[in-house]
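Close look at the chain arrangement
Chain residues, written in single-letter form:
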Amino acid sequence: MGIYMALFNNKNSEKQEFDVLPKHIGIIMDGNGRWAKKRALPRSAGHKAGANVFRTISKECERLGIEYVTFYAFSTENWKRPKEEVDALMSLFMDYLLEAKSDMTQAGNSRIKFIGEREGISQELLNLMDEAEEETASHTGTTVYLAINYGGRQEIVSAVNKLISEGKTEITEDDISNGIYTVPDCDLIIRPSGEQRLSNFLLWQAAYSEFWYSDVLWPDFKISDLHKALREFEKRNRRFGG
């Protein structure tokens, strides 16, 4: 049995009832390095532990009926990290996609999509990303966006340049909203690890997002933490500037 099915059946995923659920959640997976450092482990160990949490939380989002969830996996700025750490992250992405190919169909109905720039990513990894998107394109469950080589500013610039190339001489907000990577706007952004900033994540989509922060490092983030964020979201009075 693949890891996805095992996590889907985890007893910690007992059904929770929510009166209001966000349509689109953005999650900044932060704290892997600090988690590893606290345990005198290499940073790659933290990223591996964080990848397991990603699997757990993405499956719980599907189980709950969240329509879209975007995970911030690798930013355009992350290329500045040491080569061995970048290589370890790319290896983890490969492992995830290879595993997904073997057990995605039996584990759930999520649709996988990748957002970000393709430049700099190996052709082997790009091929696996394309295959994962193609093989899950007909799925009707949660759309799981994985932001790899992604930056919010770069996303907006890319959308504007595409509109210019199409001959647009006057660009509206709707034009940009229709040209960015993810739809719809993000309702809730979750950031563990104690940091309270966007870090160039979903800048356009987060215009009216609710934010939920936690001191829990991402590798220690549990389904119960996701539920806490969703409970808090239920209490928010969203006025969208009105």
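Reading the values: the criteria
Residues numbered from 1 in each chain as written. Predicted model: local features only at pLDDT ≥ 70, side-chain atom pairs only at ≥ 80, totals over all residues. Heavy atoms only, no water. Helix = DSSP H or I, 4+ residues; strand = E, 2+ residues; numbered from the N terminus. Buried < 20%, exposed > 50% of the residue type's maximum accessible area, 1.4 Å probe, protein only. Contact = heavy atoms within 4.5 Å. Areas by Shrake-Rupley, 256 points an atom, 1.4 Å probe, with all protein chains shown as cover. pLDDT = per-residue confidence, 0-100. Phe/Tyr/Trp six-rings, centres within 6.5 Å; stacked < 30°, edge-to-face > 60°. Pairing = 2+ DSSP bridges. Axes fitted to C-alpha atoms, helices over the stretch in contact; angles between N-to-C directions. Expected span 1.5 Å × (residues − 1). Arc of directions from axis to C-beta. Core = buried A, V, L, I, M, F, W, Y, C linked by side-chain atoms within 4.5 Å.

1. Side note on the overall build of the protein
Regarding its fold elements, the protein presents 8 helices and 6 strands. Going from N to C terminus, the protein has its helices and strands arranged as α-β-α-α-β-α-β-α-β-α-α-β-β-α. Counting the 242 residues in the protein, one finds 49% classified as buried. Considering only intrachain contacts with a sequence separation of at least 6, the fraction spanning at least 24 residues in the protein is 78%. Surface accessibility of the protein: about 12300 Å² in total, with carbon and sulfur atoms responsible for 48%.

2. A look at the confidence of the model for the protein
Overall, the predicted model of the protein reaches an average pLDDT of 88, with 89% of residues at or above 70. For the stretch residues 1–14, pLDDT sits under 50, and the model shows 31 contacts to residues farther than four places along the chain or on other chains.

3. A word on unusual backbone geometry
The backbone of N149 shows a phi angle near 55°, a positive value even though the residue is not glycine. Residue N149 is classed as buried on the basis of its relative accessible area of 5%. Positive phi is not limited to glycine here, since S199 has a value of about 55°. Tracing the chain through its elements places S199 in the loop between strand 5 (188–191) and strand 6 (210–213). Residue S199 is classed as partly exposed on the basis of its relative accessible area, which comes to 31%.

4. Topic: the packing of aromatic side chains
Applying the stated rule across the entire model yields 11 aromatic pairs. Ring geometry for F54 versus F71: centroids 4.7 Å apart, planes at 90°, classification edge-to-face. Here F54 is found in helix 3 (residues 43–64), whereas its partner F71 is found in strand 2 (residues 68–75), with 17 residues between them in sequence. Accessibility expressed as a relative area gives 0% for F71, which makes it buried. Taken together, a centroid distance of 6.3 Å and an interplanar angle of 15° make the contact between Y68 and Y145 stacked. Pair noted here: Y68 is in strand 2 and Y145 is in strand 4 (residues 143–150), with a separation of 77 residues, a long-range link. Pair check on accessibility: Y68 and Y145 agree, each one buried. Each member of the aromatic cluster is reached from another via a ring pair, and the members are Y72, Y150, Y181 and F201.

5. With respect to the sheet that holds strand 4
Pairing within the open sheet is parallel, and its 6 strands lie in the order 3-4-2-1-5-6. At either end of the open sheet lies a strand with only one pairing partner, and these are strand 3 (111–115) and strand 6. Within this sheet the neighbouring strands show an average axis-to-axis angle of 20°, counted without direction. Bridge analysis of strand 2 against strand 4 gives 7 bridges, and the strand direction is parallel. By the bridge assignment for strand 4, Y72 is matched with A147.

6. Considerations on helix 5 (residues 123–136)
Compared with an ideal rise of 1.5 Å per residue, which puts 14 residues at 20 Å, helix 5 spans 20 Å between its outermost C-alpha atoms and is within 8% of the ideal. Buried residues of helix 5: L125, L126, L128, M129, A132 and T136, and no others. In a view along the axis of helix 5, the buried residues occupy a sector of 160°, so they form one face of it. Of the exposed residues in helix 5, the ones pointing more than 90 degrees away from its buried face are Q123, E124 and E134.

7. Observations concerning the environment of K168
Tracing the sequence through the fold places K168 in the loop between helix 6 (152–165) and helix 7 (173–179). In contact with K168, not counting residues within four places along its chain, are L163 and D175.

8. Topic: the nonpolar core
By size, the foremost hydrophobic cluster in this structure holds 42 residues, and its most contacted members are I27, I57, F71 and I190. By residue number, the principal contributor to this core is helix 4 (residues 83–107), which donates 7 residues. When sequence neighbours within four positions are dropped, the list of residues in contact with I27 reads I57, V69, T70, F71, Y72, I190, F201 and W218. Residues Y68, I115, Y150 and A206 belong to the second largest nonpolar core, which totals 12 residues.

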